[in-house]
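# Fold and geometry: a report
Below, each chain spelled out in residue letters.
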Amino acid sequence: MAKWTVDQSHSSVGFEVKHMMVSKVKGQFESYTADVEAADLTDLTSASIAFKMDVASINTRNEDRDNHLRSADFFNVENNPMIEFTSTSITKDGGNYSVTGDLTIKDVTKPVTFSVVFNGKGTNPWGVEVYGFEAEAKINREEFGLTWNAALETGGVLVGKDIKIKVELEVNPAA
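Nothing here was measured: the structure is a model prediction, and the numbers come from that model. (Residues numbered from 1 in each chain as written. Predicted model: local features only at pLDDT ≥ 70, side-chain atom pairs only at ≥ 80, totals over all residues. Heavy atoms only, no water.)

### What about the overall build of the protein?
To keep things clear, this is the line we draw: Strands are runs of DSSP state E lasting at least 2 residues, helices are runs of H or I lasting at least 4, and numbering of each runs from the N terminus. Radius of gyration here is computed from C-alpha atoms only, and the compact-globule reference equals 2.2 Å multiplied by the residue count raised to the power 0.38. A simple rule labels every residue: compare its accessible area, found with a 1.4 Å probe on the protein chains alone, to the largest value its type can have, and call it buried under 20%, exposed over 50%, or partly exposed in between. For this analysis, residues touch if any pair of their heavy atoms sits within 4.5 Å. To measure how exposed things are, a 1.4 Å probe is used in the Shrake-Rupley method; for residues, cover is taken only from the protein chains shown.
Within the protein, the regular secondary structure consists of 1 helix and 11 strands. Order of helices (α) and strands (β) in the protein, N terminus to C terminus: β-β-β-β-β-β-α-β-β-β-β-β. At 17 Å, the protein has a C-alpha radius of gyration in line with the 16 Å of a compact globule built from 175 residues. Summarising its shape, the C-alpha atoms of the protein cover approximately 55 × 30 × 30 Å along the three principal directions. Buried residues in the protein amount to 37% of all 175 residues. Look at the contacts in the protein between residues 6 or more apart in sequence, and 55% of them connect residues 24 or more apart. Just so you have it, the protein exposes about 9700 Å², and 48% of that area is on carbon and sulfur atoms.

### As for the nonpolar core
Here is the rule: Residues enter a nonpolar core if they are buried and are Ala, Val, Leu, Ile, Met, Phe, Trp, Tyr or Cys, with the set joined through side-chain atoms within 4.5 Å.
Core analysis: the largest hydrophobic core is formed by 46 residues, its most contacted members being Leu 41, Phe 51, Phe 75, Leu 103 and Phe 114. Broken down by element, the residue count for this core peaks at 6 residues, all from strand 11 (residues 159-173). If we ignore the near neighbours within four places in the chain, the residues touching Phe 75 are Val 55, Ile 58, Leu 69, Arg 70, Asn 80, Ile 83, Ile 105, Lys 106 and Leu 146.

### A few points about unusual backbone geometry
Backbone geometry at Met 21 places phi at a positive 70°, although glycine is not the residue there. Here Met 21 lies in the loop between strand 2 (12-19) and strand 3 (23-29). Classification of Met 21 as partly exposed rests on a relative accessible area of 47%. Located in the positive-phi region is Asn 76, a residue other than glycine, with phi close to 50°. Mapped onto the elements of the fold, Asn 76 is located in the loop between helix 1 (63-70) and strand 7 (82-93).

### Brief notes about the pattern of salt bridges
Here is the rule: By definition here, a salt bridge exists when the distance from a side-chain nitrogen of Lys or Arg to a carboxyl oxygen of Asp or Glu is within 4 Å.
Summed over the entire model, instances satisfying the criterion amount to 9 salt bridges. The partner of Lys 3 in a salt bridge is Glu 37, with the nearest N and O atoms 2.8 Å apart. Remark: Glu 37 occurs in strand 4 (residues 32-38) and Lys 3 occurs in strand 1 (residues 2-6); sequence separation between them is 34 residues. Note on Lys 3: relative accessible area 52%, which makes it exposed.

### A few points about the environment of Met 20
Along the chain, Met 20 turns up in the loop between strand 2 and strand 3. Note on Met 20: relative accessible area 38%, which makes it partly exposed. Each C-alpha atom, one on Met 20 and one on Leu 152, is 7.5 Å from the other, the two residues being 132 residues apart in sequence. Once residues lying within four places of it in the same chain are set aside, the contact partners of Met 20 are Leu 152, Val 157 and Leu 158.

### Some points on the side chain of Thr 60
Worth spelling out the cut-off: Counted as a polar contact is a pair of N or O atoms within 3.5 Å, where, for protein atoms, one must be capable of donating a hydrogen and the other of accepting one, and residues adjacent in sequence contribute only when both atoms are in side chains.
Here Thr 60 shows up in the loop between strand 6 (58-59) and helix 1. Separated by 2.5 Å, the side chains of Thr 60 and Asp 66 make a polar contact. Beyond its immediate chain neighbours, meaning those up to four positions away, Thr 60 contacts Phe 15, Val 25, Lys 26, Gly 27, Arg 65, Asp 66 and Leu 69.

### Observations concerning the side chain of Asn 80
By the element assignment, Asn 80 lies in the loop between helix 1 and strand 7. The exposure class of Asn 80 is buried, given its relative accessible area of 10%. If near-sequence neighbours (up to four positions away) are discounted, Asn 80 is found in contact with Val 55, Phe 75, Lys 106 and Asp 107.

### Quick look at the packing of aromatic side chains
The following threshold applies: Between 30 and 60 degrees the pair is tilted, below 30 it is stacked and above 60 it is edge-to-face, where a pair is any two Phe, Tyr or Trp rings, Trp via its six-membered ring, whose centres lie within 6.5 Å.
Inspection of the entire model under this criterion finds 7 aromatic pairs. Both rings, one in Phe 85 and one in Phe 114, keep their centres 5.1 Å apart while their planes meet at 80°; by these two values the pair is edge-to-face. One end of the pair, Phe 85, is in strand 7; the other, Phe 114, is in strand 9 (residues 108-123), and 29 residues separate them in sequence. Pair check on accessibility: Phe 85 and Phe 114 agree, each one buried. In textbook terms, an aromatic cluster arises when at least three aromatic residues are bridged by ring pairs, as seen for Trp 4, Phe 118, Tyr 131 and Phe 133.

Structure, rendered in structure tokens:
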């Protein structure tokens, strides 16, 4: 099994959630680590994947909202500084993959499956092979203890339950 490094300057770990029932808030984690091991990245079924996101690095482009997300109302970053995902099984269907694993948020661990698309491989200008992937999953935030909300005068709630997680990765061989 070879080890692979995530090129963070060409990768992102983000999310989106409904806001006030009419729009979406998008955000990302600026700081994360990933451990990827695989015999061959053109066939992920042999891979082992682990991610850790530093919750304090959350960025929704609004400092007040980011601080609220870090607070005890949401992630309680002081007691739960990381979000973690570790793959448990990977299956292939045509050119797409289902990567199932354990997602831990606020000491709650639940199985989550990401739909993964292999975008291809290439060689960068320095002669290093790079591989690209996109992954997406949907979770119910309340199942992970993220239950804060506010009712709207017009009906509905301020923050939707469903969170779409989007990951874009470019990886290359570990040095």
